[in-house]
Number of protein chains: 2
Amino acid sequence: MPPPTKKTPATTEAPAAPSARAERLDARVLEGLVGYNARRAWLIVSTVFADRMAPYGLKQIDFSVLSLLAHNPGATSRQLCNTLDILPPNLVNLVAALDSRGLIERRPHPHDGRAVGLHLTPAGETLIREAEQAVVQLETEASSRLSTRERETLIKLLQKIYL
Amino acid sequence: MPPPTKKTPATTEAPAAPSARAERLDARVLEGLVGYNARRAWLIVSTVFADRMAPYGLKQIDFSVLSLLAHNPGATSRQLCNTLDILPPNLVNLVAALDSRGLIERRPHPHDGRAVGLHLTPAGETLIREAEQAVVQLETEASSRLSTRERETLIKLLQKIYL
DNA sequence: TATTGTTATACTCTATAACTATA
DNA sequence: TATAGTTATAGAGTATAACAATA
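Keep in mind the model is a prediction, meaning the values are calculated, not measured.

Rules and cut-offs
- Residues numbered from 1 in each chain as written.
- Chains lettered and ligands numbered in written order.
- Predicted model: local features only at pLDDT ≥ 70, side-chain atom pairs only at ≥ 80, totals over all residues.
- Heavy atoms only, no water.
- Helix = DSSP H or I, 4+ residues; strand = E, 2+ residues; numbered from the N terminus.
- Buried < 20%, exposed > 50% of the residue type's maximum accessible area, 1.4 Å probe, protein only.
- Contact = heavy atoms within 4.5 Å.
- Near = heavy atom within 4 Å.
- Polar contact = N/O pair within 3.5 Å; in protein donor to acceptor, adjacent residues only side chain to side chain.
- Buried area = accessible area lost by both parts, 1.4 Å probe.
- Salt bridge = Lys/Arg side-chain N within 4 Å of Asp/Glu carboxyl O.
- Axes fitted to C-alpha atoms, helices over the stretch in contact; angles between N-to-C directions.
- Left-handed = near helix turned anticlockwise from the far one by under 90°.
- Nonpolar A, V, L, I, M, F, W, Y, C, P; charged D, E, K, R; others polar.
- Least-squares fit on C-alpha atoms with pLDDT ≥ 70 in both.
- UniProt positions renumbered as here; feature names shortened; annotations may be inferred.

*Asks:* Even after reading the chapter, I still don't get the side chain of Ser67 of chain A, so can you show me in this structure?
*Replies:* By the element assignment, Ser67 of chain A lies in helix H2 (residues 60-71). Look at Ser67 of chain A and you get buried, because its relative accessible area is 2%. Ignoring any residue separated from it by four or fewer positions in sequence, one finds Ser67 of chain A in contact with Ile128 and Glu132 of chain A together with Val29 and Leu30 of chain B.

*Asks:* I tried to follow the protein's contact with DNA strand D on my own but got confused; where do I start?
*Replies:* Taken together, 18 residues surround DNA strand D, and among them Arg39, Arg78 and Arg106 of chain A together with Asn90 and Gly113 of chain B come closest. The sugar and phosphate moieties of DNA strand D supply 56% of its atoms located within 4 Å of the protein. The separation between a phosphate oxygen of DNA strand D and a polar main-chain atom of Val116 of chain A is 3.2 Å. Among the elements of the structure, helix H3 (77-84) and helix H4 (89-100) of chain A together with helix H4 (88-100) of chain B are those that each provide at least two residues to the surface near DNA strand D.

*Asks:* What should I look at first to understand the interface of chain B and chain A in this one?
*Replies:* Reports often express the size of an interface as the amount of accessible area lost when the parts come together. Taken together, the contact pairs 56 residues of chain B with 56 residues of chain A. Here chain B and chain A share an interface that buries about 5900 Å² over both sides, 64% of which is from carbon and sulfur atoms. Three residues, Leu25, Ile161 and Tyr162 of chain B, lead the burial of chain B against chain A; their summed loss comes to 12% of the area buried on that side. Between Glu150 of chain A and Lys160 of chain B there is a salt bridge, and its shortest N-O distance comes to 3.0 Å.

*Asks:* Sorry, what's going on with the packing of helix H2 (residues 60-71) of chain B against helix H3 (residues 77-84) of chain B here?
*Replies:* How two helices sit against one another is set out by the angle between their axes and by the gap between those axes. Residues and elements named next belong to chain B. Closest axis-to-axis distance for the H2/H3 pair is 11 Å, and the angle between their directions is 120 degrees. Here the hand of the crossing between H2 and H3 comes out right-handed. Residue-level inspection shows Ile61, Ser64, Val65, Leu68 and Leu69 of H2 in contact with H3, the latter providing Leu80, Thr83 and Leu84. For the contact of H2 with H3, the per-class residue count stands at 6 nonpolar, 2 polar and no charged.

*Asks:* What should I look at first to understand the relation of the copies chain B and chain A in this one?
*Replies:* For these two chain copies, the linking operation is a rotation about an axis paired with a shift along it. Aligned on chain A, chain B shows an RMSD of 0.0 Å; the corresponding rotation is 180 degrees and the shift along the axis is 0.0 Å. Between the two chains, the operation in question is that of a two-fold axis. Residue by residue, 98% of the interface of chain B is reproduced at the interface of chain A, so both copies engage with the same surface.

*Asks:* Explanation requested: the protein's contact with DNA strand C in the structure shown.
*Replies:* Taken together, the neighbourhood of DNA strand C is formed by 18 residues, with Gly113 and Arg114 of chain A together with Arg39, Arg78 and Arg106 of chain B sitting nearest. When the atoms of DNA strand C within 4 Å of the protein are grouped by moiety, sugar and phosphate amount to 56% of the total. Within the contact set of DNA strand C, a phosphate oxygen lies 3.5 Å away from a side-chain nitrogen or oxygen of Lys59 of chain A. Within the side chain of Arg114 of chain B, an N or O atom sits 2.9 Å from a base oxygen of DNA strand C. Within the residue set of the surface near DNA strand C, elements represented by two or more residues are H4 of chain A together with H3 and H4 of chain B. The dominant element in the surface near DNA strand C, judged by the number of residues it contributes, is H4 of chain B, at 3 residues. Split by residue class, the surface near DNA strand C holds 7 nonpolar, 4 polar and 7 charged.

*Asks:* So what exactly am I meant to see when it comes to the packing of helix H1 (residues 34-53) of chain A against helix H5 (residues 122-142) of chain A here?
*Replies:* Residue and element names in this part refer to chain A. Remark: H1 packs on H5, axes separated minimally by 10 Å, with the N-to-C direction vectors making an angle of 140 degrees. You can see that H1 and H5 cross each other, and the crossing is right-handed. Along its contact with H1, which presents Val45, Val48, Phe49, Arg52 and Met53, the element H5 presents Ala131, Ala134, Val135, Leu138, Glu139, Glu141 and Ala142.

*Asks:* It is not clear to me how the UniProt feature "domain: HTH marR-type" (unreviewed entry) in chain A should be interpreted in this structure. Could you clarify?
*Replies:* Mapped onto this numbering, the UniProt entry annotates "domain: HTH marR-type" (unreviewed entry) at residues 26-163 of chain A. Summarising residues 26-163 of chain A: 64% helix, 7% strand, and an end-to-end C-alpha distance of 33 Å.

*Asks:* I'm lost on the environment of Asp51 of chain A in this one. Help?
*Replies:* Counting through the fold element by element, Asp51 of chain A comes out in helix H1. Taking C-alpha positions, Asp51 of chain A is 13 Å from Phe63 of chain A, a pair spaced 12 residues apart along the chain.

In structure tokens, the structure reads:
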């Protein structure tokens, strides 16, 4: 994307006038990297996410766990870890906190005495239903400069990398 | 993207057979979110990045700083912070470490006695030149399931979110 | 008064080793 | 022996407040 040729990018841009201070640096090499751009985009979305989910008391990981449990009742910690690519020790306190808040319930696993099946409580069901709607809304706003078609394309391309 | 209707996604998928253990959970709601996908994709690329950059002793942030200085000689810490969206206190040790390694040099700023202009040393120039080539290579591999055209589209769409 | 760079510090996130109880 | 869940802990990464030197 950033060839040696000095071409004006899509956004309107002054030719790097020697202003007093705080002039922007040439970051075209970094802006040609998938990793850099994915991180920057995620940073924006996650900031909006954090703001909008604060009223629900949910961080991204909390939302992911509750949403997963809403569509996979009785899932185990191990399954959540595998799906979300997080380590078991880092899920323990998280699940305990959601339990303390009365959003989820731990029940003995039907087939495996070691495992614990996780289930949403009615309060958890209600919360995640509202939160999921809020997230869809916030995602639409955070990607408001993309058309529906472009947003679908973006997601499809991102999944080609990690799925 | 994930409507209540149970429709088979694009990828071939068995109907969630009740296997012994470790079955995959239904994550279609999360997989319909830009934030979730951007983070998952970034995680993959950054893992490859960490592996390949280890021989150079460079983390992502180190690479970003050196690459920026390569194309913006004499840039200040403040400018690096603005461009990379990091906080000044978190750049101090990083710049000090690159200085200790003899990769960059701090020179008094020509117009501002408070600021310090950062410059690559010859060793830093050599290192970042090799590292940039390695990163281009690693990026191509990490996104090998994308065509060149798709990769450009992906980056363009990501930039529409954060730029 | 405002800004650059810095110190100290705290909080979150992520990672590893080791234990227990079940299988 | 292997796995699910847990504990304790260490290391990154990221955040705020406060200070000195200069503008």
